Amino acid sequence: MLRGTGFLLLCIVFVSTFSAHQSVSAQETPRGNSRGNAQGTLSSRITQNSSNIRAGEEVPPAIPGDSTLSDIDREIIAVLRTRPIRWFAGIALVNSAPSGEFRQVMDSIGKSTFWGFQLHGGYSFEPLPVAVGMNMDFLFAGSSTRTWVRGSFPFRTFDTVRVTNLILPISVFARVQPVLTPTAGWSIKPYFEGFAGLTVLTSTISFITDSPTSRQNSSDNDAAAPLHYGVSAGIQIQLAESLVLPTQRTLVMLDIRGRYMAGASTDYRLVSWNDAINAPQSSYLRSTTGMMLWSAGVTVSF
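Note that the structure is a prediction, hence the values are computed from the model and not measured.

Draft legend 1. Highlighting the overall build of the protein. Looking only at helices and strands, the protein has 4 helices and 13 strands in total. The 302 residues of the protein split such that 35% are buried. Long-range contacts, defined as pairs at least 24 residues apart, comprise 66% of the intrachain contacts of the protein with a sequence gap of at least 6. As displayed, the protein offers around 17300 Å² of accessible surface, 63% of which is attributable to carbon and sulfur atoms.

Here it is in structure tokens:
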């Protein structure tokens, strides 16, 4: 009897507590962020509405009638597009052809053109149409690999000879680069620049022996680094724009450039494989080191 009475009292207390909680919950009203009326300059309006800015969210370019963007987002994007973008970096495919004495020498050994790639970067002084930076080209001027096998399995030994020629022009540049905006959110940047630096010419003959118990390496290296200088002209065409509100704007640009590089005279070595004697061959040469270079790639401004 006492147990039944105690259980009944416990149930009454529980039901009373639950009902009171439901009553309090029903009286509460949800609270939300309200957008204040933006007054004054854009800066003050952005500050007053900071709770409504989707920080870190990528948005598409503002286009008329795009209902996915709020009025404050559109104004932020308009401000971002008027701010200068300082830094840039990129990569490009490069084709080069020797000029002058260098061309005559290279033609005589069958190396009339080189392919490679370029890394570049720099700083823009926008809104002034001036930028400075650095280029480094990696041009492959011929390579060959030969491998011989001695012995029989499992005691085979592999002898490898590899010959490689690299041309590495390293330059600093200063350019005049105005920013043209035919339409909002899209830009073109033609430029003209002067540059100077070093052209590193390297040649390497590598000998590698791999046996079941050891690996032996040796190499014969030669390098020269004559001075160079030149001029170039190019154009950057905007391919894409990325906006991250409220502060970040990034541009992806197609970058096409032509360069004329005059190089000082120097002694250098080129290596090749001589099939007649089945061995590497070294050619010791002297000439100027001028080149024409054409490149096409992508530059990211951020």
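Draft legend 2. The pairing of strand S5 (residues 157-176), seen in detail. Strand direction decides the pairing type here: strand S4 (residues 130-150) and S5, joined by 17 bridges, are antiparallel. Across the sheet, residue Arg-146 finds its bridge partner in S5, namely Val-161. Between the end of S4 and the start of S5, which pair antiparallel, lie 6 residues, with Gly-151 showing a positive phi angle near 85°. Of the strand pairs in this sheet, S5 and strand S7 (residues 186-210) are connected by 19 bridges, and their pairing is antiparallel. Across the sheet, the residue bridging to Thr-160 is Ile-208, located in S7.

Draft legend 3. Quick peek at the packing of aromatic side chains. Counted according to the given criterion, the structure contains 6 aromatic pairs. With a centroid separation of 5.9 Å and an interplanar angle of 85°, the aromatic rings of Phe-102 and Tyr-268 are classed as edge-to-face. With a gap of 166 residues between them, Phe-102 in helix H4 (residues 101-108) and Tyr-268 in strand S11 (residues 266-274) connect regions that are remote in the sequence. Note on Phe-102: relative accessible area 0%, which makes it buried. Ring centres of Phe-117 and Phe-138 lie 4.8 Å apart, and the angle between their planes is 15°; on these two criteria the pair is classed as stacked. Here Phe-117 is found in strand S3 (residues 114-124), whereas its partner Phe-138 is found in strand S4, with 21 residues between them in sequence. Judged by relative accessible area, Phe-117 falls into the partly exposed class, the value being 31%. Ring-pair connections join several aromatic residues into one group, and the members of that group are Trp-87, Tyr-123 and Phe-125. Here the basic side chain of Arg-175 rests over the ring of Tyr-191, its NZ or CZ set 3.9 Å away from the ring centre.

Draft legend 4. Expanded view of empty space enclosed by the protein. Enumeration according to the criterion identifies 1 cavity of 30 Å³ or more in this entry. Space inside the largest cavity adds up to approximately 30 Å³. Lining the largest cavity are Ile-85, Arg-86, Trp-87, Phe-88, Ser-124, Glu-126, Gln-177, Lys-189, Gln-236 and Ser-301. Counted by class, the lining of the largest cavity contains 3 nonpolar, 4 polar and 3 charged residues.

Draft legend 5. The arrangement of the pairing of S11 in detail. In terms of burial, S11 is a largely internal element, 7 of the 9 residues being buried. Taken together, the 9 bridges between S11 and strand S12 (residues 279-287) define a ladder with antiparallel strand orientation. Within S12, the residue paired with Trp-273 across the bridge is Pro-280.

Draft legend 6. Expanded view of the layout of surface pockets. Of the pockets and cavities examined, the largest pocket occupies roughly 320 Å³. As for the largest pocket, its lining consists of 21 residues, and the residues nearest its centre are Arg-81, Glu-126, Val-179, Thr-181 and Arg-249. The residue makeup of the lining of the largest pocket, split by class, is 10 nonpolar, 6 polar and 5 charged.

Draft legend 7. Geometry of the side chain of Ser-283. Examined against the element boundaries, Ser-283 turns out to sit in strand S12. Here Ser-283 falls in the buried class, since its relative accessible area comes to 18%. In contact with Ser-283, not counting residues within four places along its chain, are Tyr-268, Arg-269 and Leu-270.

Draft legend 8. Just H4, in detail. Restricting attention to buried positions, one finds in H4 the residues Phe-102, Val-105 and Met-106. Across the axial projection of H4, the buried residues extend over an arc of 95°, all falling on one side. The exposed residues of H4 that point more than 90 degrees off its buried face are Gln-104 and Ser-108. Looking one or two places after H4, you find Gly-110, whose phi comes out positive at around 75°.

Draft legend 9. Just helix H3 (residues 71-80), in detail. By the burial criterion, the buried members of H3 are Ile-72, Asp-73, Ile-76, Ile-77 and Leu-80. Here the buried residues of H3 occupy an arc of 140° about the axis, which is enough to place them on one side.

Cut-off values and rules
Residues numbered from 1 in each chain as written. Predicted model: local features only at pLDDT ≥ 70, side-chain atom pairs only at ≥ 80, totals over all residues. Heavy atoms only, no water. Helix = DSSP H or I, 4+ residues; strand = E, 2+ residues; numbered from the N terminus. Buried < 20%, exposed > 50% of the residue type's maximum accessible area, 1.4 Å probe, protein only. Contact = heavy atoms within 4.5 Å. Areas by Shrake-Rupley, 256 points an atom, 1.4 Å probe, with all protein chains shown as cover. Pairing = 2+ DSSP bridges. Phe/Tyr/Trp six-rings, centres within 6.5 Å; stacked < 30°, edge-to-face > 60°. Lys NZ or Arg CZ within 6 Å of the ring centre and 35° of its normal. 1 Å grid on protein atoms, 1.4 Å probe; cavity = no way out; pocket = protein on both sides within 12 Å on 5 of 7 lines; lining within 4 Å. Points joined across faces, edges and corners; volume = space filled by probe spheres on them. Nonpolar A, V, L, I, M, F, W, Y, C, P; charged D, E, K, R; others polar. Arc of directions from axis to C-beta.

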